[in-house]
Amino acid sequence: GNSVTQMEGPVTLSEEAFLTINCTYTATGYPSLFWYVQYPGEGLQLLLKATKADDKGSNKGFEATYRKETTSFHLEKGSVQVSDSAVYFCALKKRNRDDKIIFGKGTRLHILP
Amino acid sequence: EAGVTQFPSHSVIEKGQTVTLRCDPISGHDNLYWYRRVMGKEIKFLLHFVKESKQDESGMPNNRFLAERTGGTYSTLKVQPAELEDSGVYFCASSRPGRLMNEQFFGPGTRLTVL
């Protein structure tokens, strides 16, 4: 079946450090891939997305590239800030009438000043 | 424009009791979704409304869960009777009508604790 696997948290980094959160997926066909973020006390927000192989999604300094050959969509940021502390969810959605989003377990990120 | 809202933000009930969660989607969004995150696990799809009709309820765990969307506006999710394993965060999302790849906008969630 379709699934998303992302690295276990929590991840703790110092401000200005480089961030990578790994995500791999299993899916039939060619899904669209997403990263969602949940800041404390808020709902899920779409952070970035990619809809086909080799696409790069980017937003707020975060980037992720759709790698079909490795079925991966790793999230990266060159220099994290305290305000990036949140829970990050990798997700996929299939390209058919099935409208549901399939999420990973989430990775909690703590950034220390 | 207001986002997706959910009520209550937290609910603590005892096993066997009934709880009703409410979701108000963004105005004009025909699609409404319920998801659930059980502690430490992934967020899982429960069901999808298009206006007042259930398009997909394949994720509903059992018949203790009843979702409604009368009039195609807000939706309620009732759990009756609640069990310990129902504890978690229940998210609602909505999206514009039409194309399948319209972004789903999520609410802040309702944290349900069953004691």
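Figured I'd write up the structure that's included with this text.

Parameters at a glance
Residues numbered from 1 in each chain as written. Chains lettered and ligands numbered in written order. Predicted model: local features only at pLDDT ≥ 70, side-chain atom pairs only at ≥ 80, totals over all residues. Heavy atoms only, no water. Helix = DSSP H or I, 4+ residues; strand = E, 2+ residues; numbered from the N terminus. Rg over C-alpha atoms; globule rule 2.2 N^0.38 Å. Buried < 20%, exposed > 50% of the residue type's maximum accessible area, 1.4 Å probe, protein only. Contact = heavy atoms within 4.5 Å. Areas by Shrake-Rupley, 256 points an atom, 1.4 Å probe, with all protein chains shown as cover. Lys, Arg positive; Asp, Glu negative; His and termini not counted. Charge placed at Lys NZ, Arg CZ, Asp CG, Glu CD. Buried area = accessible area lost by both parts, 1.4 Å probe. Salt bridge = Lys/Arg side-chain N within 4 Å of Asp/Glu carboxyl O. Nonpolar A, V, L, I, M, F, W, Y, C, P; charged D, E, K, R; others polar. Pairing = 2+ DSSP bridges. Axes fitted to C-alpha atoms, helices over the stretch in contact; angles between N-to-C directions.

### Describing the overall build of chain B
Part 1 of the argument: Summing up its helical and strand segments, chain B has zero helices and eleven strands in all.
Part 2 of the argument: Reading the secondary structure of chain B in the N-to-C direction produces β-β-β-β-β-β-β-β-β-β-β.
Part 3 of the argument: The C-alpha atoms of chain B give a radius of gyration of 13 Å, which matches the 13 Å a tight globule of 115 residues would have.
Part 4 of the argument: Burial status across chain B gives 46% buried among its 115 residues.
Part 5 of the argument: For chain B, contacts bridging at least 24 residues in sequence account for 52% of all contacts bridging at least 6.
Part 6 of the argument: Carbon and sulfur atoms form 50% of the exposed surface of chain B, whose accessible area is close to 5900 Å².
Part 7 of the argument: Measuring between centres, the 14 positive side-chain charges of chain B sit 2 Å from its 13 negative side-chain charges.

### Thoughts on the interface of chain B and chain A
Part 1 of the argument: Facing 21 residues of chain B, the contacting portion of chain A comprises 20 residues.
Part 2 of the argument: Interface of chain B and chain A: buried area, both sides summed, is about 1800 Å²; carbon and sulfur atoms make up 56% of it.
Part 3 of the argument: At the boundary of chain B and chain A, one finds one salt bridge.
Part 4 of the argument: Every element with two or more residues in the side of chain B that touches chain A is listed here: strand 4 (31-37), strand 5 (43-50) and strand 6 (53-56) of chain B.
Part 5 of the argument: When grouped by side-chain class, the residues that make up the side of chain B that touches chain A number nine nonpolar, seven polar and five charged.

### Description of the sheet that holds strand 7 (residues 65-68) of chain B
Residue and element names in this part refer to chain B.
Part 1 of the argument: A sheet is described by the order of its strands in space; here four strands give the open sequence 1-3-8-7, paired in antiparallel fashion. For this open sheet the edge positions go to strand 1 (5-7) and strand 7, each flanked by a neighbour on one side alone. On average, each strand axis in the sheet is tilted by 15 degrees relative to the strand beside it, whichever way the strands run.
Part 2 of the argument: Here three bridges tie strand 1 to strand 3 (residues 19-24), and the two strands are oriented antiparallel to one another. Within the sheet, the bridge partner assigned to Gln-6 lies in strand 3 and is Cys-23.

Such coordinate-based values are descriptive only and should not be taken to indicate function.
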